[in-house]
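Chain by chain, the residues run as shown.
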Amino acid sequence: MNTYGGDHTQKRKRVTVRTFSEYKQSKKKFAVLTAYDASFARLIEDAGVDLILVGDSLGMVIQGHETTIPVTLADMVYHTQCVSRACKRAMVMADMPFMSYSNVSMAVDSARQLIQKGGAQIVKLEGGAAQVEIVAAIVDQGIPVCAHLGLRPQSVHKLGGFRVQGREADCAKQMCEDANKLQQAGADLLVLECVPAALASKISEQVGIAVIGIGAGIGTDAQVLVLQDILGITFGKIPKFSKNFMQSGLGIGDAIGAFVNDVRQETFPGPEHTFD
Ligand code: KIV
């Protein structure tokens, strides 16, 4: 057993969206990690992670693609099944892949498959005000939704690369407005990816739902990282916003536990992982 997070699967209630509202109200920071298979999902849950993201980042870290764009709904259902079979306590969040939510009926059916076949308890989709109708339609079916603003990797070609978003005043204003609209549409959580820390803090204070940051500074309600990055097994260079927790000579379970601990104690992310 790891020595940081402890074995949280024993005699503990299942995490739900209500858990994250309670954390937000009590200002308790929480850690989120990606997983794509049962073995790692179990280790991550045992380390005390409350929310496991079956991210479409699997296209890059598992399938070896340069972007998340080739990932299909069938890929997402398969990996969500692998993760959800292992999770007894943590909430499982599945990404809706590229072009699986281009219109309302397609979006509702894609969400259905991730929940009904995959075993996820919440779905995540990328986009701003343009996705408000889609978010509302999925929520109307009783499915929780996490919205995703800032760097949206499925739009990498339109954004001109994996770049920080929200540095210009008009873009920052738009992001604040989009966050409000997505919350009003019924989103339960919000991911902010690669956003200047001051803007991410402002959005986190302005909305009532928990905000999960990645490359968004210390001011968000939670932090998410890609598992392979914290284990130091990423292809090529580790992103600036991430940290290799294996460097201090820890085993895998303890490295994951160290990430959980650092998020809870607000010692991660540091200024070196943050964008201005
Ligand atoms: O796909 C993914 O892993 C994600 C995180 C980077 C937030 O969306």
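The structure presented is a predicted model; accordingly, all values stated were derived computationally and were not measured.

Trainee: Can you explain the overall build of the protein chain? Please cite residues and give values.
Mentor: If you tally the helices and strands in the protein chain, you get 11 helices and 8 strands. Rg of the C-alpha trace for the protein chain: 17 Å, near the compact-globule value of 19 Å for 276 residues, within the 12% margin. The proportion of buried residues among the 276 residues of the protein chain is 57%. Long-range pairs, those at least 24 residues apart, make up 65% of the contacts in the protein chain with a sequence separation of at least 6. Only carbon and sulfur atoms are counted for the fraction: they give 52% of the accessible area of the protein chain, which is about 11,900 Å². With 27 positive and 28 negative side-chain charges, the protein chain shows a separation of 4 Å between the mean positions of the two kinds.

Trainee: Which residues make up the sheet that holds strand 1 (residues 30-34), and what are the values?
Mentor: Taken together, 8 strands build a closed barrel; the order of strands is 1-2-3-4-5-6-7-8 and the barrel is parallel. Strand-to-strand twist across the sheet, computed as the mean angle between neighbouring axes with direction ignored, equals 25 degrees. Note: strand 6 (residues 189-193) against strand 7 (residues 210-214), 5 bridges, orientation parallel. Within strand 7, the residue paired with Leu-192 across the bridge is Gly-213. In the packing of helix 11 (residues 252-264) onto the sheet, contacts are made with strand 1 and strand 8 (222-225), and the angle to strand 1 comes to roughly 145 degrees.

Trainee: How would you summarise the site of the ligand if you had to cite specific residues and measurements?
Mentor: Looking at the ligand, the residues that line it are Thr-34, Leu-53, Gly-55, Asp-56, Ser-57, Asp-95, Lys-124, His-148, Glu-193, Ile-214 and Val-224. In the model, an oxygen atom of the ligand is placed 2.5 Å from a nitrogen or oxygen of the Ser-57 side chain. Lys-124 is positioned such that a nitrogen or oxygen atom in its side chain is 2.8 Å from an oxygen atom of the ligand. Starting from 260 Å² of accessible surface for the ligand in isolation, the protein chains cover 95%.

Trainee: Just give me the short version of unusual backbone geometry, but keep the residues and values in it.
Mentor: Omega for the bond connecting Phe-268 with Pro-269 falls within 30 degrees of zero, at 0 degrees, which places this linkage in the cis form. Along the polypeptide, Pro-269 turns up in the segment after helix 11. Of note, Cys-194 is a non-glycine position whose phi angle comes to about 50 degrees, a positive value. Looking at the element boundaries, Cys-194 is found in the loop between strand 6 and helix 9 (197-206).

Trainee: Hey, could you go over the pairing of strand 8 for me, with residue numbers and the actual values?
Mentor: Each regular strand shows side chains that alternate between the opposite faces of the sheet. Side chains Ala-222 and Val-224 of strand 8 all project onto a buried face; the interleaved residues Gln-223 and Leu-225 project onto the opposite face, where all are buried too. For strand 1 and strand 8, the ladder comprises 4 bridges, and the chain directions are parallel. Each bridged residue has a counterpart across the sheet, and for Phe-30 the counterpart in strand 8 is Ala-222. One ladder, built from 2 bridges, connects strand 7 with strand 8; its direction is parallel. Bridge assignment links Ile-212 to a residue of strand 8, and that residue is Ala-222.

Trainee: Provide a residue-level description of the packing of helix 2 (residues 38-46) against helix 4 (residues 73-86), including the pertinent values.
Mentor: The relative placement of two packed helices comes down to the angle between their axes together with the axis-to-axis distance. At a closest axis distance of 8 Å, the pairing of helix 2 and helix 4 adopts a crossing angle of 40 degrees. Between helix 2 and helix 4, the angle is such that the two are oblique. Taken as a pair, helix 2 and helix 4 cross one another with a handedness that is right-handed. Along its contact with helix 2, which presents Ala-38, Ala-41, Arg-42 and Glu-45, the element helix 4 presents Cys-82, Val-83 and Ala-86. Residues of the contact of helix 2 with helix 4, tallied by class, amount to 5 nonpolar, no polar and 2 charged.

Each value, and the rule that gives it
Residues numbered from 1 in each chain as written. Predicted model: local features only at pLDDT ≥ 70, side-chain atom pairs only at ≥ 80, totals over all residues. Heavy atoms only, no water. Helix = DSSP H or I, 4+ residues; strand = E, 2+ residues; numbered from the N terminus. Rg over C-alpha atoms; globule rule 2.2 N^0.38 Å. Buried < 20%, exposed > 50% of the residue type's maximum accessible area, 1.4 Å probe, protein only. Contact = heavy atoms within 4.5 Å. Areas by Shrake-Rupley, 256 points an atom, 1.4 Å probe, with all protein chains shown as cover. Lys, Arg positive; Asp, Glu negative; His and termini not counted. Charge placed at Lys NZ, Arg CZ, Asp CG, Glu CD. Pairing = 2+ DSSP bridges. Axes fitted to C-alpha atoms, helices over the stretch in contact; angles between N-to-C directions. Near = heavy atom within 4 Å. Polar contact = N/O pair within 3.5 Å; in protein donor to acceptor, adjacent residues only side chain to side chain. Parallel < 35°, antiparallel > 145°, perpendicular 65-115°, else oblique. Left-handed = near helix turned anticlockwise from the far one by under 90°. Nonpolar A, V, L, I, M, F, W, Y, C, P; charged D, E, K, R; others polar.

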